[in-house]
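# Chains, contacts and geometry: an overview
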Amino acid sequence: MFTKSIAELSQALQTKKISSHELTQMYLERIKQFDKKLNSFITVTEEHALQAAKKADVQLAIGNANILTGIPVAQKDIFCTQGVKTSCGSKMLDNFISPYDATVIKRFNAAGMVMLGKTNMDEFAMGSSNENSYYGPVKNPWNLEYVPGGSSGGSAAAVAANLAPAATGTDTGGSIRQPAAFCGISGIKPTYGRVSRYGMIAFASSLDQGGLFAKSAEDLALLLNVIAGFDENDSTSATIAAPYYATTLNNSLKGLRIGLPKEFFNEALDKDIANAIQAAVKVYEKLGATIHEISLPRTSLSIPAYYVIAPAECSSNLARFDGVRYGHRCDAPKDLEDLYKRSRSEGFGKEVTRRIMIGTYALSAGYFDAYYLKAQKIRRLVAQDFHEAFKSVDVILGPTTPSPAFKLGEKTSDPLSMYLSDIYTIAVNLAGLPGMSIPAGFTAGLPIGMQLIGNAFGEAKLLNIAHGYQKETDWHTKTPEGF
Amino acid sequence: MSLTAGDVKKIAHLARLNLVESDVTLYTEQLSTILNFVEHMNQEDTENIEPFFNPLDLGARLRPDMVTEHDQRAAFQAIAPQVEAGLYLVPQVIEGEE
């Protein structure tokens, strides 16, 4: 049952082959059995889950259920969940029981879906390996010596190991797409503004976007309709209505214009990944797509611009953690400054501290123009490059990452090398565009991710293109051994 | 751009962070490396380019000036480190008579 798609699980629930209670029980058992190895959950909400499942079963019994009623889901621990610890992977929020639900959580609840628990992540979503969590690193289910990617590493590992049929993530510079690639599953980062940020703990507010992990584009299409759409509680929520994504999944790809950015295919790209992407391109050609070389000339500038903008916004957002209203407070502060300084230093880990300091510096008097303003100007140029490209192509295709998952500990002492591993994903966030990663092969037993980048609010098209590939290939059906 | 230990201490103070001496050394080196890397931005001429603050490139949305939140002080203070009589407590800020 745990290898079934969400559409199949839904079918089983609707036809009473299984109850939501039984299904939920099965996933909770799997978490108990396997998560000691992976560490993908920070909190398992067993009692909550079984209660929600019972409620779902009532709705199913009286014929008041929708297609997702009773389906379990894991939530990244960045989404506030009322009455449940919401840690954001940080010691700072280890004692934080959220007094309210994020909009995303409210919508899952309203759809009758069942939260299994809160997944592990890099502290405050800052990281590309899930090694920055206060709760310890997550392991990659394909090889336990490797990282699952980050920052949504717990969600990606849990879905890959079938501990949950789907999970939420957030993506500020690649935090959904990169772990999806490293764990061999499908992930979507929607257009900035598509999914509400209300109750999603802020890292870099002009870049953060909530999204999803599942085993296939088809599953993602069903789930995206739960969370996409306008929310008046999010000041940058898009007012454009979300289409029903499943409707266009099977549209023909004949005549589809695919752009391959030449900057994505250089010597820095792993050979096996390059070959896998070329093989995927052949699949699309067979489906009637045409292939065009395009250029995204500011790709290499997107990382320095990002590592000014994201830390600047982070330093501002994380100023709220002051030891006064919620979160960690130091013992016996001698004055207010001591309270602030010790609470913050004790509560934040090294990467968060690093980024707060970079951001504080970039925003400080005399440096604002040279760093923050300069980066925001580069950002416009990066966005313009995409805009130009989409005049001649419908979708941009390339690798999600330059290399497959790396070993635990391999990059922890060199923050810059960790930052550079996000080369293909970061520009998409700067421009606010939607992106996906779907499985496209393996190298030395580790999954390869293919990235699809769409035009603003083009999620339906992206899902259609990803589904077209998944009908022709079976990479997305592979499961790691031992789970 | 290379930072000195003094710069790092000043930044830490602005960000209200305490650093132990060994961390000052580590961060001086790491932050300098990151800032040097960030300077690659200067390769690009951005004269006459408008900054891009928000991907939707929209202004702020307005709403009617109506009460939308109800009082949840008790719920919010239930998770506060130290409260008394509905107030958040912090160490004494204004010097008083002892």
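Everything numeric in this text was worked out from a predicted model, so none of it was measured.

### What about the overall build of chain B?
When helices and strands are tallied, chain B shows three helices and two strands. Mapped from its N terminus to its C terminus, chain B presents α and β elements in the order α-α-α-β-β. With the principal axes as the frame, chain B shows a C-alpha extent of 55 × 50 × 25 Å. Burial statistics for chain B: of 98 residues in total, 30% are counted as buried. Partitioning the contacts of chain B with sequence separation of at least 6, the portion at a separation of at least 24 is 33%.

### Regarding the interface of chain A and chain B
Tallying the contact residues gives 69 residues for chain A and 52 residues for chain B. Summed over both partners, the interface of chain A with chain B buries about 5,300 Å², with 69% contributed by carbon and sulfur atoms. Between K350 of chain A and D23 of chain B there is a salt bridge, with its nearest N and O atoms 3.8 Å apart. In this assembly, chain A and chain B are joined by 17 residue pairs in polar contact (both at pLDDT 80 or more). For the side of chain A that touches chain B, the secondary structure elements donating two or more residues are α9 (299–317), α10 (336–347), α11 (350–363), α12 (369–389), α13 (415–420) and α14 (426–431) of chain A. Broken down by element, the residue count for the side of chain A that touches chain B peaks at 13 residues, all from α12 of chain A.

### Describing the packing of α9 of chain A against α12 of chain A
Residues and elements named next belong to chain A. Where α9 meets α12, the axes come as close as 9 Å, and the angle between the chain directions of the two elements is 130°. Here α9 is positioned oblique relative to α12, judged by the angle of their axes. Handedness of the α9/α12 crossing: left-handed. For the pair α9 and α12, the contacting residues are L301, S302, A305, V308, I309, A312 and E313 in the first and Y371, Y372, A375, Q376, I378, R379 and V382 in the second. Partitioning the contact of α9 with α12 into residue classes produces 10 nonpolar, two polar and two charged.

### Remarks on the state of the cysteines
Residue and element names in this part refer to chain A. Counted by the stated rule, this structure contains zero disulfides over all chains. In this structure C314 is a free cysteine whose sulfur lies 11 Å from that of C88, the closest cysteine sulfur available. Note on C314: relative accessible area 0%, which makes it buried.

### A few points about helix α15 (residues 459–472) of chain A
Residues and elements named next belong to chain A. Across its 14 residues, α15 extends 20 Å between first and last C-alpha, which sits within 8% of the 20 Å expected from 1.5 Å per residue. Counting buried residues in α15 gives 11 out of 14 residues, a clear majority hidden from the surface. Lining the buried residues of α15 we find β5 (186–189), α7 (217–227), α8 (271–286), β9 (395–399), β10 (435–443) and β11 (446–453).

### Notes on the packing of aromatic side chains
Two aromatic rings are characterised by how far apart their centres lie and by the angle between their planes. All names here are of chain A. Evaluated as defined, the whole model comprises 20 aromatic pairs over all chains. Arranged with centres 6.4 Å apart and planes meeting at 40°, the rings of Y367 and Y371 form a pair that is tilted. According to the relative accessible area criterion, Y367 is partly exposed, its value standing at 30%. The class of Y371 is buried, set by a relative accessible area of 5%. Looking at R30, its charged tip hangs above the ring of F2, at a distance of 3.6 Å from the centre. In this structure, K411 is placed above the aromatic ring of F406, and the distance from its NZ or CZ to the ring centre is 4.7 Å.

### Here we look at helix α4 (residues 103–110) of chain A
All names here are of chain A. Turning to α4, its buried residues are T103, V104, I105 and F108. Along its buried surface, α4 packs onto β2 (72–76), β4 (166–170), β6 (210–214) and α7. Once α4 finishes, G112 follows within two positions and takes phi at roughly 80°, a positive value.

What counts, and where the lines are drawn
Numbering of residues starts from 1 in each chain and follows the order in which that chain's sequence is written. The naming scheme follows written order: chains are lettered A onward, ligands numbered 1 onward. Per-residue local features of the predicted model are confined to residues with pLDDT of at least 70, and side-chain atom pairs are confined, for both listing and counting, to 80 or more; whole-chain, interface and lining totals are unaffected and use all residues. Side-chain measures were taken over the full set of non-hydrogen atoms in the model, leaving aside hydrogen atoms and water. Helix numbers and strand numbers start at the N terminus; a helix is a DSSP run of H or I with at least 4 residues, a strand a run of E with at least 2. Exposure is judged per residue with a 1.4 Å probe applied to protein chains only, and the accessible area is read against the type maximum: over 50% gives exposed, under 20% gives buried, and values in between give partly exposed. Contacts: residue pairs with any heavy atoms within 4.5 Å of one another. In short, buried area is how much 1.4 Å probe accessible area vanishes from two parts on joining, totalled over both. Every case where a carboxyl oxygen of Asp or Glu lies within 4 Å of a side-chain nitrogen of Lys or Arg is listed as a salt bridge. By the criterion applied in these results, polar contacts are pairs of N or O atoms within 3.5 Å in which, for protein atoms, one can donate a hydrogen and the other can accept it, and in which residues neighboring in sequence qualify only through two side-chain atoms. Note on geometry: axes are C-alpha line fits, over the in-contact stretch for helices, and angles between N-to-C directions span 0 to 180 degrees. Here roughly perpendicular refers to angles of 65 to 115 degrees, roughly parallel to angles under 35, roughly antiparallel to angles over 145, and oblique to all remaining angles. Crossing handedness is defined as follows: a turn of the near helix away from the far one that is anticlockwise and smaller than a right angle gives a left-handed crossing, while the clockwise case is right-handed. Gly is placed with the polar residues, together with every amino acid not listed as nonpolar (Ala, Val, Leu, Ile, Met, Phe, Trp, Tyr, Cys and Pro) or charged (Asp, Glu, Lys and Arg). Criterion for a disulfide: a pair of cysteine sulfur atoms within 2.5 Å. Expected helix span is given by 1.5 Å per residue-to-residue step, counting one fewer step than there are residues. Only rings of Phe, Tyr and Trp enter the pairing, Trp through its six-membered ring, and a pair is recorded when the two centres are within 6.5 Å. The plane angle decides the type: under 30 degrees is stacked, over 60 is edge-to-face, the rest tilted. Definition used: whenever NZ (Lys) or CZ (Arg) falls within 6 Å of the ring centre and also within 35 degrees of the ring normal, the charge is taken to sit over that ring.

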